[in-house]
Amino acid sequence: MPTVIRAASILSLVLMLSACASSPFTEKRLVQSPRPYFALLKDAEQRYEKLAGTPSPELTRALHDVTLYRSWLGDEEGSLLAFDRSLPRGKPFAPQSTAGSFPQDIEVEPAIQTIVREAAKHQIVILNESHHRSMHRAFALKVALELRKLGFTYLAVETLNTAAPNGFARMNRFSGFYSQDPVFAEFLREAKDVGYELVAYEHIPKATQSGEQDISEREEGQARNLISAVLDKNPAARVLVFVGFSHVMESPQSPKLEWMASRLKRLTDIDPLTIDQTTLMRGGVFGISPVYEFVLRRHAPTVPVTLKSAHGQPIVVGQFQGKVDLQVLHPDYPTAHGRPGWLASLAGRKPHPIPIENLPQSGRRLIKAMHDDDSESDGVPLDMVIVEAGKAAPMLMLPARNFRILFED
């Protein structure tokens, strides 16, 4: 919701890390840091513990923050548990019956293969994400790398700060809110490395309006900002747009609810390829789809796939049915090196053990791998993970970049 976006934008301005220099594998305590990453998580956890049992907007906000910061700090399981608690029903997701009206002859195809084939026919591709799932940013990078080969040159990203200092020459905490996630920041770094021009298009509604007016103004503003930033200057530009949740819907959800993709399509008369990846996965917003369970049993996919009928027609389920062109199913990724398996198989990251001298003697500690070219004052880590004294330490999962290790207690 827009109020969350505003709060997130404010929060991003106070996410401060201390400045210090270090060499690879050198232990460095972060000092004089008013708001380091770990402090943000601990503050959110304390707010949740204080408010637990008393439903309120403040409790919801605390859970939202716990969910988000745990995902940034490498605790995917803890993030999903917190997200679970933030849902109205307040209980964990449970497998649903496979009984339903979906076709029983579902076939699957590797999602990248489907997307590349269909994207060749389109000028604009719009892919969504769940804001608390770093996995979606890893998949977005794979999509971006393939679309670059097709001539896509612009990457428009909802999270980017339209007022970021010095543009996006370097990905840092000023570049956007959700892009403070290490996987998101690496997605944008690699996209820039292969020649994408990053585009910010967010629109913040006026604070005095109703929720419905906020949504309408924001969606219209986003669409018009995209047109102004890219298509007015280069009408033939090929653009990958990365959005959150329902912004990907290319037709109105209801007579009073029209999301950004639908408005962009109407304003430009360009039919985008729209792709949802937030529905068919573990820990989805709407629980576990019976279609998801069915496909896992029938096909046991090990990579993201799209669904199609025996006649080759794309299958889309849930609230996105009839609103997007394609839907990606993410398989269950087995744990590897103490971390979510998708970091290796989907993101292509390599394991690096944490030096023994960096492990805590008591309590919890946040281990961070920083890019050698980034400062701790504003850089986004390549990876972060929480380790606890007396427990086996998970490995850092890192892209092929030079790094140094720091920690926060």
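What you are looking at is a predicted structure, and each value in this text was computed from that prediction instead of being measured. (Residues numbered from 1 in each chain as written. Predicted model: local features only at pLDDT ≥ 70, side-chain atom pairs only at ≥ 80, totals over all residues. Heavy atoms only, no water.)

Caption draft 1: Local environment of the packing of aromatic side chains. One pass over the full model with this rule turns up 7 aromatic pairs. For the pair Y37 and W72, a centre-to-centre distance of 6.1 Å together with 75° between the ring planes defines the contact as edge-to-face. One end of the pair, Y37, is in helix α2 (residues 37–51); the other, W72, is in helix α3 (residues 57–72), and 35 residues separate them in sequence. The pair formed by Y37 and W72 is uniform in burial state, with each residue classed as buried. (Phe/Tyr/Trp six-rings, centres within 6.5 Å; stacked < 30°, edge-to-face > 60°. Helix = DSSP H or I, 4+ residues; strand = E, 2+ residues; numbered from the N terminus. Buried < 20%, exposed > 50% of the residue type's maximum accessible area, 1.4 Å probe, protein only.)

Caption draft 2: Inspection of the side chain of E202 at higher detail. The residue E202 is located in the loop between β4 (197–200) and α8 (211–231) in this model. There is a polar contact of 2.7 Å between the side chain of E202 and the side chain of R218. Reaching out from E202, the side chain makes a polar contact with the side chain of Q222 at a distance of 2.9 Å. (Polar contact = N/O pair within 3.5 Å; in protein donor to acceptor, adjacent residues only side chain to side chain.)

Caption draft 3: Region of the structure containing the nonpolar core. L73, L155, F187 and L188 are the most contacted members of the largest nonpolar core, which has 59 residues in total. In terms of residue count, helix α6 (residues 134–149) provides more of this core than any other element does, 8 residues in total. One finds I126, A156, I215 and M249 within the second-largest nonpolar core, a separate group that totals 26 residues. (Core = buried A, V, L, I, M, F, W, Y, C linked by side-chain atoms within 4.5 Å.)

Caption draft 4: Fine view of the pairing of strand β8 (residues 326–329). Every second residue of β8 is oriented toward a common face, with L326 and V328 on one face and Q327 and L329 on the other, all of them buried. When strand β6 (residues 273–280) meets β8, the two strands line up parallel, connected through 3 bridges. Within β8, the residue paired with L280 across the bridge is L329. (Pairing = 2+ DSSP bridges.)

Caption draft 5: Inspection of the pattern of salt bridges at higher detail. Overall, the coordinates contain 30 salt bridges when judged by the stated rule. In this structure, E45 engages R70 in a salt bridge whose closest nitrogen and oxygen atoms are separated by 3.3 Å. Taken as a pair, E45 in helix α2 and R70 in helix α3 lie far apart in primary sequence, 25 residues in all. By the burial criterion, E45 is buried, and R70 matches it. Taking the shortest distance from any N to any O, the salt bridge between K265 and E250 comes out at 2.8 Å. Of the two residues, K265 is situated in helix α9 (residues 260–268) and E250 in the loop between β5 (239–244) and α9; the sequence distance between them amounts to 15 residues. (Salt bridge = Lys/Arg side-chain N within 4 Å of Asp/Glu carboxyl O.)

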